[in-house]
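# Topology and contacts: notes
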Amino acid sequence: MKRIAVVCALTLSVAACGDGNPFTDGDSADGDTSPGSVFFDSEQNDGLVANNVVYDAGTDTLIINNIPFDDPQNEYIRVTSEAFVNSGFDAYESDPAPGSAELQYFAIFRRSDSGNSQVASTTSAEYIGFGFGGAGAQRLGADPSLPRSGIYTYNGEYGAVRTVLNSVGNGDRVEYITGDVELAADFGDFDDVGAVGGIVSNRILYDDTGTQIGTVAGIISLANGDIDFDNGAIENTTAVQLDGSGAQVATGSWEGVFAGPNGEEIAGIVFVEGTDTREIGGIVATTP
């Protein structure tokens, strides 16, 4: 509660200063602005501010840039208790120093089996409202040579962190989610622009230790996004969460990048927000 009160005061003072967000710096020297990477930004939500992710395999730590109050070195350590089901995603968390102003963040990360791409997302429950977080998808290998025609299917995995608000609008808890993703890419139609869309299904819910606690009914529908052939990317478009009865319960957006020599891999990021939940995730999918 003490940390929530401290951050509340900071957040209110920032809001009173004007429309700008001091934590969103598109010109940061540490931000990843390469055409093979996509990150959510203030155009989607003022709190989605992460702009780079680096994974250190030697220490099994993440470095997530541009997140306020997470760690002086931006480091996230592995959650060793995590027991995700049928998923290559792993759970991470920041490690606040006792007595400091550092806050607890949770993150989820996956590097593709090929090593050609990676995705990560992070969030916290220590704010009034949803607070800060973000997600990024990065191509690690050479730029792909994409097909200019044909329809291809991609199947893979989804991983996310979800902030849940309590009854008075404060961050209550963070949960992890894993799931399946199915995408289809048409590289020729829409007059040679192409399109990619699909669904996220079979979502399994975990607490912040990575222990399974249930499932999430329904799907996330990923609307068709145009293909940017120059950068090997999928342009930002709508994402909608539907409950088990088909009712819309959250909205947001998604985008991604192609990876692999011929674009046989997609790494993407997904964001949906409802009345009391905000889910930020990533997808890694490949052609059969």
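Residues numbered from 1 in each chain as written. Predicted model: local features only at pLDDT ≥ 70, side-chain atom pairs only at ≥ 80, totals over all residues. Heavy atoms only, no water.

### Concerning the overall build of the chain
Of the regular secondary structure elements, the chain holds 1 helix and 17 strands. When burial is assessed residue by residue, the chain has 52% of its 288 residues classed as buried. Taking the contacts inside the chain whose residues are at least 6 apart along the sequence as the reference set, 57% of them involve residues at least 24 apart. Approximately 12,200 Å² of the chain is accessible, and the part contributed by carbon and sulfur atoms is 48%. (Helix = DSSP H or I, 4+ residues; strand = E, 2+ residues; numbered from the N terminus. Buried < 20%, exposed > 50% of the residue type's maximum accessible area, 1.4 Å probe, protein only. Contact = heavy atoms within 4.5 Å. Areas by Shrake-Rupley, 256 points an atom, 1.4 Å probe, with all protein chains shown as cover.)

### Considering the sheet that holds strand β4 (residues 75-78)
Strands sit in the order β1-β8-β7-β6-β5-β4-β3-β2 across an open sheet of 8 strands; the sheet is antiparallel. Whereas interior strands pair on both sides, the edge strands pair on one side only; in this sheet they are β1 (37-39) and β2 (52-56). Across the sheet, the mean angle separating the axes of adjacent strands is 20° when strand polarity is ignored. Sheet topology note: the strand β3 (residues 61-65)/β4 ladder contains 3 bridges and is antiparallel. In the strand pairing of β4, Thr 61 is matched with Ile 77. (Pairing = 2+ DSSP bridges. Axes fitted to C-alpha atoms, helices over the stretch in contact; angles between N-to-C directions.)

### Topic: unusual backbone geometry
Notably, Asn 74 is not glycine yet its phi reads approximately 60°, a positive angle. Of note, Asn 74 is situated in the loop between β3 and β4. Of the residues examined, Asn 74 reaches a relative accessible area of 18% and is grouped as buried. Non-glycine residue Asn 86 carries a positive phi angle of around 50°.

### Side note on the packing of aromatic side chains
For the coordinates displayed, the defined rule picks out 12 aromatic pairs. Between Phe 106 and Tyr 176, the ring centres sit 6.3 Å apart and the planes meet at 90°, which makes this aromatic pair edge-to-face. Of the two residues, Phe 106 sits in strand β6 (residues 105-111) while Tyr 176 sits in strand β10 (residues 171-186), which places them 70 residues apart along the sequence. Relative accessible area serves as the criterion here: at 8%, Phe 106 is assigned to the buried category. Among the residues examined, Tyr 176 registers a relative accessible area of 0% and is labelled buried. Summarising the aromatic geometry, the rings of Tyr 127 and Phe 132 are spaced 5.4 Å apart at their centres and angled 80° between planes, so their arrangement reads as edge-to-face. Accessibility assignment for this pair places Tyr 127 and Phe 132 in one class, buried. Put simply, the rings of Tyr 152, Tyr 154, Phe 187, Phe 229 and Phe 258 touch in pairs and so form one group of aromatic residues. (Phe/Tyr/Trp six-rings, centres within 6.5 Å; stacked < 30°, edge-to-face > 60°.)

### Remarks on the nonpolar core
Counting 27 residues, the largest nonpolar core has Leu 183, Val 196, Leu 222, Trp 254 and Phe 258 as the members making the most contacts within it. Looking at this core, the elements with two or more residues in it are β9 (151-165), β10, β11 (195-206), β13 (219-228), β14 (233-242), β15 (248-259), β16 (265-273) and β17 (277-286). Within the second largest apolar cluster, 25 residues are counted, among which are Phe 40, Leu 48, Phe 84 and Phe 89. (Core = buried A, V, L, I, M, F, W, Y, C linked by side-chain atoms within 4.5 Å.)

### What about the environment of Asp 113?
Relative to the helices and strands, Asp 113 resides in the loop between β6 and β7 (117-124). By relative accessible area, which is 74% here, Asp 113 ends up exposed. C-alpha separation for the pair Asp 113 and Thr 286, spaced 173 residues apart in sequence, amounts to 9.8 Å. Among the polar contacts made by the side chain of Asp 113, one reaches the side chain of Arg 110 at a distance of 3.3 Å. (Polar contact = N/O pair within 3.5 Å; in protein donor to acceptor, adjacent residues only side chain to side chain.)

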